[in-house]
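Structure at a glance
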Amino acid sequence: MAKRKVVTGLLFAAGSLAGSLLYRRRTVRQRERVDLFAEDGSMVSLADGSPEATELLSLARTLIAANGQ
Amino acid sequence: MDATQALADLTEISSQIVHATIVDGDGSVLATTIAAESVSRSFANGVTKLVEEAGQAGSSRGLVGLAQFEAATLEGSVFVVRRGARVIAATTRPDPTVGLVFYDLKHCLQSIDEAPKRASRARKKIDGEA
């Protein structure tokens, strides 16, 4: 009985950890993005992972690092 | 107002901005908060490249006339506002108040543009009186 409780506890802990990691990964992806605004007020958001955003975010990281942030 | 004074006012008003640089149409640095000249020059080159790439990315998604953009990373954000050929770029800490930073950058660029107009208007008035 005690062994079953330990196994259930371990499974629950592993599930929570996996869930929180997936949630964190998703949140990080949402936070890293490029928002472009046109003169007419229209806007395009490029999420991290798209080829254009990857290039732009890499350039942005270089600029931030150059400023010693 | 001259560009250096405008940047000084900007960094005083906006605590979220770490560094800011105004780049002219020819790629030269008009004013910057970065002390080291080599770093500011390389920053301006990076901004010019970033603006080009962002313009291309916008065009490929059907965006006409890129006015401003934010590249948000986990380490911080880079904000860019264009006004004619002139560009102001600023770096901030992570999770800035986006609308406020854009407003402050636009206001900064506007204050530089308005200075020569005001001076020319005053000159015309003086000429008219003479």
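Above this note sits the structure.
Below: a short report on this structure. (Residues numbered from 1 in each chain as written. Chains lettered and ligands numbered in written order. Predicted model: local features only at pLDDT ≥ 70, side-chain atom pairs only at ≥ 80, totals over all residues. Heavy atoms only, no water.)

1. What about the environment of Asp9 of chain B?
Residue and element names in this part refer to chain B. Inspection of the secondary structure puts Asp9 in helix 1 (residues 3-13). For Asp9, a relative accessible area of 24% gives the class partly exposed. A sequence separation of 95 residues divides Asp9 from Asp104, and the C-alpha atoms of the two residues are 9.8 Å apart. (Helix = DSSP H or I, 4+ residues; strand = E, 2+ residues; numbered from the N terminus. Buried < 20%, exposed > 50% of the residue type's maximum accessible area, 1.4 Å probe, protein only.)

2. A few points about the packing of aromatic side chains
Throughout the structure, instances matching the rule amount to 2 aromatic pairs over all chains. Ring geometry for Phe37 of chain A versus Phe102 of chain B: centroids 5.4 Å apart, planes at 75 degrees, classification edge-to-face. Of this pair, Phe37 of chain A sits in strand 1 (residues 33-38) while Phe102 of chain B sits in helix 3 (residues 98-129), on two different chains. Each member of the pair, Phe37 of chain A as well as Phe102 of chain B, carries the same accessibility label: buried. Aromatic side chains Phe79 of chain B and Phe102 of chain B sit 5.1 Å apart centroid to centroid with 80 degrees between the ring planes, which places their arrangement in the edge-to-face category. Linking Phe79 of chain B in strand 4 (residues 77-83) with Phe102 of chain B in helix 3, this pair joins segments that are 23 residues apart in sequence. Judged by relative accessible area, which is 0%, Phe79 of chain B ranks as buried. In this structure Phe102 of chain B comes out as buried when scored by relative accessible area, which is 4%. (Phe/Tyr/Trp six-rings, centres within 6.5 Å; stacked < 30°, edge-to-face > 60°.)

3. Observations regarding unusual backbone geometry
You will see that Asp95 of chain B, though not glycine, has its phi angle at about 55 degrees, which is positive. Residue placement: Asp95 of chain B occurs in the loop between strand 5 (86-92) and helix 3.

4. Comments concerning helix 1 of chain B
Residues and elements named next belong to chain B. The complete set of buried residues in helix 1 reads Ala3, Ala6, Leu7 and Leu10. The buried side chains of helix 1 occupy one side of the element, clustering within an arc of 100 degrees when seen end-on. Of the residues in helix 1, the exposed ones pointing more than 90 degrees away from the buried face are Thr4 and Glu12. (Arc of directions from axis to C-beta.)

5. Section: the interface of chain A and chain B
Counting residues at the interface gives 27 residues for chain A and 38 residues for chain B. Each partner contributes to the roughly 2,700 Å² buried at the junction of chain A and chain B, and carbon and sulfur atoms together form 64% of this total. Of all residues in chain A, Phe37, Leu63 and Asn67 of chain A give up the largest surface area on contact with chain B, accounting jointly for 22% of the area buried on that side. At the boundary of chain A and chain B, one finds 9 residue pairs in polar contact (both at pLDDT 80 or more). Of all the secondary structure elements, the ones that give two or more residues to the side of chain A that touches chain B are helix 1 (2-31), strand 1, strand 2 (43-47) and helix 2 (51-66) of chain A. A per-class count over the side of chain A that touches chain B returns 15 nonpolar, 4 polar and 8 charged. In the sheet, strand 1 of chain A pairs with strand 3 (residues 66-72) of chain B via 6 bridges, with the strands oriented antiparallel. In the strand pairing of strand 3 of chain B, Leu36 of chain A is matched with Phe69 of chain B. (Contact = heavy atoms within 4.5 Å. Buried area = accessible area lost by both parts, 1.4 Å probe. Polar contact = N/O pair within 3.5 Å; in protein donor to acceptor, adjacent residues only side chain to side chain. Nonpolar A, V, L, I, M, F, W, Y, C, P; charged D, E, K, R; others polar. Pairing = 2+ DSSP bridges.)

6. Looking at the packing of helix 2 of chain A against helix 2 (residues 37-60) of chain B
Pairs of packed helices are described in terms of their axes, by the angle between the two and the distance that separates them. Where helix 2 of chain A contacts helix 2 of chain B, the axes come no closer than 10 Å and their chain directions differ by 165 degrees. Taken together, the axes of helix 2 of chain A and helix 2 of chain B lie roughly antiparallel to each other. Pair helix 2 of chain A / helix 2 of chain B crosses with left-handed handedness. Residues Glu52, Glu55, Leu56, Leu59, Ala60, Leu63 and Ala66 of chain A of helix 2 of chain A form the contact with helix 2 of chain B, whose own contacting residues are Val39, Phe43, Gly46, Val47, Lys49, Leu50, Glu53, Ala54, Ala57 and Ser60 of chain B. Looking at the contact of helix 2 of chain A with helix 2 of chain B residue by residue, the class counts come to 11 nonpolar, 2 polar and 4 charged. (Axes fitted to C-alpha atoms, helices over the stretch in contact; angles between N-to-C directions. Parallel < 35°, antiparallel > 145°, perpendicular 65-115°, else oblique. Left-handed = near helix turned anticlockwise from the far one by under 90°.)

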